[in-house]
Amino acid sequence: MKRSGKRLLIAGNWKMNLNRTMAIDLAGEFATADLPTEVDVCICPPYVYLDAVGIRIHGTRIQLGSQDVYFEPPGAFTGEISTSMLSDVGCDFVILGHSERRNVIGESNELINRKVKAVLNAKLTPILCLGELLEQREAGKTLDVVQNQFDGSLAGISAEQMARIVLAYEPVWAIGTGKTATPEQAQEVHSDLRKIMAKCYNSAIAQDVRILYGGSVKPSNASELLSQADIDGALVGGASLDSDGFLQIIAAGRTAATV
Ligand code: PEP
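Described in the following lines is the structure provided in the data block. Everything quoted here is computed from the prediction, not taken from an experiment. Residue indices begin from 1 for each chain and proceed along its sequence in written order. Selection of residues for local features in this predicted model requires a pLDDT of at least 70, selection of side-chain atom pairs for listing and counting requires 80 or more, and totals for whole chains, interfaces and linings are taken over all residues. Where side-chain values are given, they derive from all heavy atoms of the structure, hydrogens and water being excluded.

Some points on the packing of aromatic side chains
The criterion for an aromatic pair is that two Phe, Tyr or Trp rings (for Trp, the six-membered ring) have centres within 6.5 Å, with stacked assigned to planes under 30 degrees apart, edge-to-face to planes over 60 apart and tilted to the rest. One pass over the full model with this rule turns up five aromatic pairs. Ring centres 5.5 Å apart and planes at 50 degrees place the aromatic pair Tyr70 and Phe77 in the tilted group. Each residue is placed in one exposure class: buried if its accessible area under a 1.4 Å probe, protein chains only, is under 20% of its type's maximum, exposed if it is over 50%, and partly exposed if it falls in between. Taking the relative accessible area as the measure of exposure, Tyr70 reaches 19% and is therefore buried. Between the aromatic rings of Phe150 and Tyr201, the centroid separation amounts to 6.5 Å while the plane-to-plane angle is 70 degrees, which identifies the pairing as edge-to-face. Here Phe150 is found in helix α7 (residues 142–153), whereas its partner Tyr201 is found in the loop between α9 (183–200) and α10 (203–208), with 51 residues between them in sequence. Tyr201 matches Phe150 in its accessibility class, with the two residues each being buried. Following the ring pairs from residue to residue traces out a cluster consisting of Tyr70, Phe71 and Phe77. Counting from the N terminus, the helices are DSSP H or I runs at least four residues long and the strands are E runs at least two residues long.

Here's what the structure looks like:
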């Protein structure tokens, strides 16, 4: 049974894929689709296509997200992008702490924490990713890992700020691998995250903050995952590059939101 009044969010992370024409065309497929009003939808193209994709989806229900940001205001930070630049091109969401940034690029909780604060200060919405490696799950450390990432990435965040954050539980072993957490495995961690929020903040925040699941979500598994009580949407990588597949996941969100 879903928690009442929760709007699901389906976010597509395009990662480092597509070219300009492909990105605009894909955005166009969503812009012209008949999207269910019960579900929030966001697409997150690479930085260089944010502007063009933002123009293509302007005036539709689709929101724009960035895959990352730098925490400093504009200045001498070669190669980086500021929150003001993201606002300027129409972003609403910013993915932070994605496992590829934590584990491939080497981002620390401390750096992610500075980014969370910068994004909140810019009145954008962070989608903060948390999740364990396969060896950590096999060693029974999943809860310790997500607790550590939660504490470190959200250090100094007030209750009022926490209420504006979206969390995404993304087990690293399920990202881009075709292996999905079972609905029970995902639900267990989502429920644990609500307990962490209840302890660190309060029960209203624990209930109200949206927690997305990410890790090989596709049309064939979306319904079962999205119908779990504590799963409020999905962060979709590979399957968000296929318009039919992503639209089917959005439709599964609509069904989960209305049963
Ligand atoms: C992601 O990019 O956050 C992700 C979950 O990727 P995939 O759906 O491809 O596993």
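Considerations on the site of the ligand
When we say a residue is near a molecule or strand, we mean one of its heavy atoms is within 4 Å of it. Inspection of the region around the ligand gives 14 residues, with Lys15, His98, Glu170, Gly176 and Ser216 positioned closest. Here an oxygen atom of the ligand sits 2.6 Å away from a polar atom, N or O, in the main chain of Gly176. Any N or O atom pair separated by 3.5 Å or less is treated as a polar contact, with the protein-specific requirement of one donor-capable and one acceptor-capable atom, and with residues adjacent in sequence counted only for side-chain atom pairs. Gly237 is positioned with one of its backbone polar atoms (N or O) 2.8 Å from an oxygen atom of the ligand. Surface accessibility in these figures is a Shrake-Rupley result with a 1.4 Å probe; residues are shielded only by whichever protein chains are displayed. Burial of the ligand by the surrounding chains reaches 95%, relative to a free accessible area of 290 Å². Residue type decides the class: Asp, Glu, Lys and Arg count as charged, Ala, Val, Leu, Ile, Met, Phe, Trp, Tyr, Cys and Pro as nonpolar, and the leftover types, Gly among them, as polar. For the shell around the ligand, a count of residues per class yields four nonpolar, eight polar and two charged.

Thoughts on the nonpolar core
Nonpolar side chains tend to gather and get buried jointly when the protein is soluble and globular. By convention a nonpolar core is built from buried Ala, Val, Leu, Ile, Met, Phe, Trp, Tyr and Cys residues, the set being connected through side-chain atoms within 4.5 Å. Counting 65 residues, the largest nonpolar core has Met162 and Leu167 as its most contacted members. In what follows, residue pairs with any heavy atoms lying within 4.5 Å of each other are defined as contacts. Ignoring anything within four residues of it in the chain, the contact list for Leu167 reads Leu128, Leu130, Phe150, Leu154, Met162, Met197, Val209, Arg210, Ile211 and Leu212. Within the second largest apolar cluster, twelve residues are counted, among which are Ile127, Cys129, Val166 and Leu235.

A word on the layout of surface pockets
Cavities and pockets are found on a 1 Å grid laid over the protein atoms alone: a cavity is a set of points where a 1.4 Å probe fits but cannot escape, a pocket is an open set with protein on both sides within 12 Å along at least five of seven lines, and a lining residue has an atom within 4 Å of such a point. Grid points are joined across faces, edges and corners, and a volume is the space filled by probe spheres set on the points. If you add up the space inside the largest pocket, you get close to 410 Å³. As for the largest pocket, its lining consists of 15 residues, of which Lys15, Met16, Gln67, Glu100 and Arg101 are closest to the centre. Breaking the lining of the largest pocket down by element, the ones donating at least two residues are α2 (47–57) and α4 (99–105). Residue contributions to the lining of the largest pocket peak at four residues, all from α4. Residues that form the lining of the largest pocket fall into these classes: seven nonpolar, four polar and four charged. For the second largest pocket, the calculated volume is near 220 Å³. Lining of the second largest pocket is provided by 19 residues; of these, Gly176, Ser216, Gly237, Gly238 and Ala239 occupy positions nearest its centre. Of the residues that constitute the lining of the second largest pocket, the class distribution is six nonpolar, ten polar and three charged.

Here we look at the side chain of Ser82
Counting through the fold element by element, Ser82 comes out in the loop between β3 (62–66) and α3 (83–88). Taking the relative accessible area as the measure of exposure, Ser82 reaches 4% and is therefore buried. A distance of 2.9 Å separates the side chain of Ser82 from the side chain of Ser84, its partner in a polar contact. Residues within four places of Ser82 in sequence aside, it is in contact with Val69, Tyr70, Glu72 and Pro74.

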